[in-house]
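Letter by letter, the chains look like this.
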Amino acid sequence: MRLVVQKFGGTSVATAERIMAAARRAIRAQQQGNRVIVVVSARGDTTDELIALAKEITDNPPSREMDMLLSTGEQISIALMAMAIQALGYPAISFTGAQIGIVTDSFHTKARIKNISTQRILQALNDGQIVIVAGFQGVDENYNITTLGRGGSDTTAVALAAVMKHDPASPFREVDCEIYTDVDGVYTTDPRIVPEAQKIAAISYDEMLELASLGAGVMHSRSIEFAKKFNVPVMVRSSFSDVEGTWIMPETDWMTQVPVCGAAIAKEEARVSIVGVPDVPGVSHRIFSAIADSNIAVDMICQNLGVAGRAEVGFTVLRNELPATLAVIRRLADEFGAEVRYEDNVSKVSIVGAGMRTHTGVAERFFRALADADIQVKAVTTGDIKISALVDKADGPRALRAVHQAFGLHLPRRDLPSRALTGGDGHADPRELLASELPVTGRLEAMEDIVVSDITLDESQGRVTLLELPSQTRVLSELFAAIAQAGINVDLIVHSLRNGTARAEVSFSVPRADVRRAWEIAQSLARTHWPQAQLLLEPEIAVVSVTGVGVRTHTGVARRMFGALASRGINIAMISTSEIRIEVVVDARHGPEALAALRQAFCAT
Ligand code: ADP
Ligand code: ASP
Ligand code: MG
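Residues numbered from 1 in each chain as written. Chains lettered and ligands numbered in written order. Predicted model: local features only at pLDDT ≥ 70, side-chain atom pairs only at ≥ 80, totals over all residues. Heavy atoms only, no water.

A separate point is the sheet that holds strand S3 (residues 92–95). In spatial order, the strands read S3-S6-S2-S1-S9-S11-S12-S10; together these eight strands make up an open sheet with mixed pairing. Every interior strand has two partners, whereas the edge strands, S3 and strand S10 (202–204), have only one. Across the sheet, the mean angle from the axis of one strand to that of its neighbour is 20 degrees, orientation sign disregarded. Pairing geometry for strand S1 (residues 3–8) and strand S9 (residues 175–181), over six bridges, is parallel. Across the sheet, the residue bridging to Phe8 is Tyr180, located in S9. Against the sheet, helix H1 (residues 16–31) touches S1, strand S2 (35–40), strand S6 (130–134), S9 and strand S11 (234–238), its axis set at about 170 degrees to S1. (Pairing = 2+ DSSP bridges. Helix = DSSP H or I, 4+ residues; strand = E, 2+ residues; numbered from the N terminus. Axes fitted to C-alpha atoms, helices over the stretch in contact; angles between N-to-C directions. Contact = heavy atoms within 4.5 Å.)

Below, the structure is given as structure tokens:
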């Protein structure tokens, strides 16, 4: 028998009518011969209203009590949903997270799931009941109520699907997870900001993980970690209609035929710079481990080259985490004799695509779109399958539209095979593809623990750095257009405006065989257009990387990685973070030792 986990978001349970409609959907799934678990969010804007209420009492509500408060939103929904199903004549029972044993760690307001007990759910399902579970909440080992972070009901739903699929006590091996929301699928970007966005037929776990963590609010990114680790196919679809939604599933060939599958914006970002830190090994480790200790995930790390033994380290955090970040960073800066600067009026615009790994010229197209739209880029970083640009908040939506259009994402995809969902390879639906058993990388007893799948050393690249560049975005598009025209494939890029000046720095890696050519191209451009620029050539660099699931937001990974390198006195020249890989550039002669250090750090667990 198949088990279906249906999750209804806030808008889908906002009114009594919608609760009844959701109840009918759950009943229909049961009548079709499935067992059904329903996960619900708080109704409409309840969670926002509860937060506002707390703020009326105090500016700084204790996080434990905040969780106690916020969890009530979902508790209302589950009771109403159970009543609705019963009113329609079918048995149903509601449970809070604590009641069914969703055990989390104790990081209030962003707790991670440790494990879920299946006993009580199985008993109720066996009795023929539709089981209603409160999303977004759990309980720690001391029975304190916790919540999983905004949007966390998706994560409850996929985690439940995962545990029901793999727990030996559960009879279900076929488990579907349906996310019912107010859009009819995952679009190439947020259709509320870019109305011409197109619905995507299917998207890979990695792409969705990146998009969600870069701001595509349609799914909670941590839910995709569960989906990938435990092979749960997820469908995002409308609670208002029956149209086919979007499958989130393993990568298939057709997905990489285009370089970019989607674009996202994280509107509320902040950028922090520490100016004048000592340029010695171990400093990055000190900075990033202190932030990681506060469970704050950083992105867009830019390390400017040291001048007179002092360097600048910059990075972005979510705007609401700026106060906590500054508290940590100011303490360190005092110790280093460095200065902290920040701006909190910035947005991050990103493109994502598994096809980026093999297509060239992606960066150039991205920069050209932004330059043509006259958008000042403040920083750029790349990851395995993403490129992000930091822009003024006021420019954010325009920048998003520009890059969306530049990659043709506003046009319907015509190149899809007729059975687009599966790459036309004979499988009728992704559930069959998943049945062909991919390895399960997660563990039920520590469900949300980080999974590191690979640690590698890449000794095939060199690096070119340009300092003292004019700050205009056009400079980036010209530089990378010339590199792309020469057929040179660029891998990592880090660009940033030197804080407080109109000068920019950019550093990029290319294959060693091409690095001299890339340097010459940059030099001839600089000679004619940017006479102030200084160029540096490193014919050989080493790139060590840690690949896994959710490695950026599991802040412990970066800490362990930088710690392992610092303990061996290895200096970090460049850092690239994404949800699926953290890459670090080190001096070529340190490559093998860096690899050994990382292997030791991660295999010891
Ligand atoms: P729910 O309450 O059902 O969880 P959310 O508001 O969390 O709903 O998510 C749905 C919203 O996500 C949509 O209304 C849409 O505005 C937004 N969104 C952002 N990015 C995307 C995207 N790429 N595709 C679809 N919707 C998106
Ligand atoms: N109610 C919570 C929120 O608004 C969780 C969710 O909707 O997924 O963030
Ligand atoms: Mg949501």
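The subject of this paragraph is the packing of aromatic side chains. For the coordinates displayed, the defined rule picks out seven aromatic pairs. Ring plane angle 45 degrees and centroid distance 5.4 Å describe the contact between Phe367 and Phe480, whose orientation is recorded as tilted. In this pair, Phe367 sits in helix H10 (residues 362–372) while Phe480 sits in helix H13 (residues 473–485), placing the two residues 113 residues apart along the sequence. With respect to burial, Phe367 and Phe480 carry one shared label: buried. Measuring from centroid to centroid gives 5.2 Å for Phe480 and Phe508, while their planes differ by 70 degrees, and the two rings are edge-to-face. (Phe/Tyr/Trp six-rings, centres within 6.5 Å; stacked < 30°, edge-to-face > 60°. Buried < 20%, exposed > 50% of the residue type's maximum accessible area, 1.4 Å probe, protein only.)

Turning our eyes to something else, we now look at the site of ligand 1. Taken together, 16 residues sit near ligand 1, with Thr181, Asp182, Tyr187, Asp190 and Arg192 positioned nearest. Take Gly10: an N or O atom from its main chain is 3.1 Å from an oxygen atom of ligand 1. Expressed as a share of its isolated accessible area of 570 Å², the protein-covered part of ligand 1 is 84%. (Near = heavy atom within 4 Å. Polar contact = N/O pair within 3.5 Å; in protein donor to acceptor, adjacent residues only side chain to side chain. Areas by Shrake-Rupley, 256 points an atom, 1.4 Å probe, with all protein chains shown as cover.)

What follows covers the site of ligand 2. As a matter of local geometry, ligand 2 sits amid Ser41, Ala42, Thr47, Glu74, Phe136, Arg150, Gly151, Gly152 and Ser153. Note that an oxygen atom of ligand 2 is positioned 2.7 Å from one of the side-chain N or O atoms of Arg150. The separation between an oxygen atom of ligand 2 and a polar main-chain atom of Gly152 is 3.4 Å. Taken by itself ligand 2 offers 260 Å² of open surface, and the protein chains cover 87% of this. Here the shell around ligand 2 is built from residues that sort into two nonpolar, five polar and two charged. (Nonpolar A, V, L, I, M, F, W, Y, C, P; charged D, E, K, R; others polar.)

As a further point, take the layout of surface pockets. There is about 510 Å³ of room inside the second largest pocket. Around the second largest pocket, the lining comprises 27 residues; the ones closest to its centre are Met356, Arg357, Asn489, Val490 and Asp491. The set of elements that each furnish at least two residues to the lining of the second largest pocket consists of H10, strand S17 (377–383), strand S18 (386–392), strand S19 (451–470), H13, strand S21 (503–511) and strand S24 (581–587). Classifying every residue of the lining of the second largest pocket gives eleven nonpolar, eight polar and eight charged. (1 Å grid on protein atoms, 1.4 Å probe; cavity = no way out; pocket = protein on both sides within 12 Å on 5 of 7 lines; lining within 4 Å. Points joined across faces, edges and corners; volume = space filled by probe spheres on them.)

That is the geometry; function is a separate question.
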